[in-house]
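Close look at the chain arrangement
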Amino acid sequence: MSWLVRGVRRVRRGWVALTTRPGTPAHHPSQAEAEAHPARQPRARRHRRGALGGKVAWGVAVAVPLVFVVVFVVWPVMVMAGRGFVVDGSVDLGGFAEVFSRGRTWRVVTTTLVQACLATVVCVALGVPGAYTLYRARPFRGRAALRTFVTVPFVLPTVVVGVAFRALVQPSGPLGFAGLDHTLAAVVAALSFFNYSVVVRGVGGLWERLDPRAEQAARALGASGGRVFATVTLPALTPAIASAAALVFLFSATSFGTVLVLGGPHYGTVETEIYLQTTQFLNLRAAAVLSVTQLVVVAVVLAVAARARAAQERALPLAHPAPEAPGSAGGGWLAGARAAAVTTGVVMGLLATPLVALVVRSLRVGDRWGLDHYAALGHEVPGLGASPLDAAVTSVRVAVDATWISLLVGALLALVLSRRPRRRTARRLLSGFDALVMLPLGVSAVTVGFGLLVSMHHPFGLDVDLRVHPMLVPAAQAAVAVPLVVRMVLPVLRAVDPRQREVAATLGASPRRVLATVDAPAGLRAAGLAAGFAFAVSLGAFGATSFLVRPDQLTLPVMVFRLLGRPGAQSSGQALAAAVLLAVVSATVVAGFERLRTGPTRGEL
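Keep in mind that this is a model prediction, so the values were computed, not measured. Each chain carries its own residue numbering, running from 1 in the written order of its sequence. Totals for whole chains, interfaces and linings use all residues, but because this is a predicted model, local features are given only for residues with pLDDT of at least 70 and pairs of side-chain atoms are given and counted only at 80 or more. Working from all heavy atoms in the structure, the side-chain values ignore hydrogens and water.

Observations concerning the environment of Leu408
- Note on conventions: DSSP H or I runs of at least 4 residues are helices, E runs of at least 2 residues are strands, and numbering of each starts at the N terminus. Along the chain, the position of Leu408 falls in helix α16 (residues 388-417).
- Relative accessible area decides the class of each residue, using a 1.4 Å probe on protein chains only: under 20% of the type maximum gives buried, over 50% gives exposed, and in between gives partly exposed. Classification of Leu408 by relative accessible area gives partly exposed; the value is 46%.
- With 77 residues separating them in the primary sequence, Leu408 and Val485 have C-alpha atoms 9.5 Å apart.

Focus on helix α6 (residues 143-155)
- Across the 13 residues that make up α6, a large majority, 10, are buried.
- The set of residues buried in α6 consists of Arg143, Ala144, Arg147, Thr148, Val150, Thr151, Val152, Pro153, Phe154 and Val155.

Focus: the pattern of salt bridges
- The salt bridge definition used is simple: a Lys or Arg side-chain nitrogen within 4 Å of an Asp or Glu carboxyl oxygen. Under the criterion given, the structure shown has 5 salt bridges.
- Between Glu98 and Arg102 there is a salt bridge, and its shortest N-O distance comes to 3.5 Å.
- For Glu98, a relative accessible area of 38% gives the class partly exposed.
- Its relative accessible area of 29% is what places Arg102 among the partly exposed residues.
- Put simply, Glu208 and Arg147 hold a salt bridge, and the shortest N to O gap is 4.0 Å. Pair noted here: Glu208 is in the loop between α8 (184-207) and α9 (213-220) and Arg147 is in helix α6, with a separation of 61 residues, a long-range link. Accessibility classification places Glu208 together with Arg147 in one group, the buried group.
- Salt bridges here are not isolated pairs; linked through shared partners, they connect Glu98, Arg102 and Arg285.

Set out below in C-alpha cells:
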C-alpha cells in the first residue's frame, strides 16, 4: 500500500502547483475574513492573543489594588514618618534611641503585646465552637438572627463599648465587687467582645462549605469524634483559624477607644500613646517611632500567620452548605452539645450583658425611665450642625461607598493571591504582596488619619486638594476593610482544586470562562459574607475617620464620641441612644447581607 500513499502525495503536490501562480504565495484569508470566521485564524495567533489578554487582565488585577494601598496607606504613613524623621532636610533616626530609653515606652509595648495575645487566645477558644454551632451544625430556629447579633459588637464605636463595660465593672456597677475597674482583665474582656465575631464568621464561612464525606469516612472506619476533629476537620480549618487569629491580634493591638476608657490614665498601649504624642504633645518624632515599632510587630505577626497558613493550605473538597445532622462535623452529639453550650454562654454573658447595659443606660433619664434621649435624636445638636439621625444617614451612605470599593479591590487581591505559581520567585513576590495587603490593619489608625490629612493637600505634587473630596472618607474606611475582604474570600478560593481550572482550560475554556465557572461560584458566598463585614467595619469606623470628616459629613460614631466628651447627663444619654441606633442600623443591614448570602433555609427564621 506504500506505493498508493506515495501516489496520492504526488497528485496533491501537482494540484497545488497548478492552482498557484509562479512566484506568488498560496492564498491566505484576509484579516476581515479571519475576523468573520474565527475558526480560520491560525491556532498560534489565537493562542498569542489569548495569552496577551490574560497578562493584561492579571496586570490590571495587580495594579488596581497596589495603587489603592500605596495612595491611601503607604503614602500617608511615609509622609507622617517623614515629619518625624526628617530634620532640617536630613534624616535623623536619633528618635529611636530617645523614645526607647524611656521605661514608659517598654511598659506600653509590653502591655500592648500581652493584651493582644490574651484576647486572641480567648477569641479563638470561644469562637471555634461558635463557628460550629452557627455554621456547621443542623440549622435551628433563630440561627440567622443569632449570626447577626454576634456581628453587632464588632461595629459599635470603641468608646461606647468602653463606656458600657465601665458601667459593668466600676465600683457601683453590677460587677463592681470583682475589682475589675482599670485592670487588664476588663480590657481583654472588652476586646474579646469586639473580636469574637471575627473568628466565628471567618472560620464558619469555610467550615460550612467543607465536604463532610471525609469526616463521615473517618467515622465509618471507627475513629472517635475527637480524633476525626483533630485529624480531619482541624487541619482543614487551620488556614481560616490562622487568618482570624491574625486579625484578632491586629485589632486588639491597635485598639484605641476601649483602652482609653477602661484602662484609665495609668494603662496605655502603643495606639493611645501615638494619639497622646500627636494631638496633645505635638511630638511627631515620638509618634513616628511608635508607629514604625507597631508596624514591625505587625509584620512579624503577619509573617508567622502566613507561614502557618502556607504549611496547611491545600485544595479542600468543598460542597454547597447543607444542613447536617448534629455531630456530623466530626464531633459527635456530645461535642455538638458542648459547642452549643459554650456558644450560648458566650452570647448571653460576654455579648448580651454589655449591650443590655448600654440600652438600660440609654433609657435612664435622671431619676426616672423614659425615651427622652431617643426623642432628641432628630434634633440638631448645638455646635455640631447636625442631628444624630442625619449622622446615621451619612454613615450609611459612606459605608455603602466604602463597601463597594473594598469589595472591588479585595476581590481582585483575593483572586491574585489564590494562584499557586510554580516558580519560587513568583511565590515569594506573591507572599510579599499578601503582606502588603495586610498593612492597613497593622498601621495605627491615628497615623493613617493624620497622615491622610497632611498628605492629601496637593498629593504627589498635583494641584488639587483631596481633603475636601467626598470620597476621601469612604476610601480611608475601605483601606481598613480591604484586608478583611481578602481574608474572608482568600481561604475559599485557595481551597479550590487547581486541577478543576486545568481541566476546564484543557477542554477549551478561556481564562474568563474558567474564572466564571470555577472561581466565581466558590467565592460568591464568601463575597457576601465579606460584604456584610466590610459594611459593618465602615459603619463603625472611628479612628482615621475622626481626623477626616468635615462638619457637613459627620458620621454617627464621630458624633457619639463628641457627645460623650461634652459635660452633662443629657449629652451622655443622647450619645448612648445614638449608639443603640447605630447598633440597630448595623444589625438590620448585616441581616440583609446574611439573608442574601445564604437565602432562606429550612428551619431558619
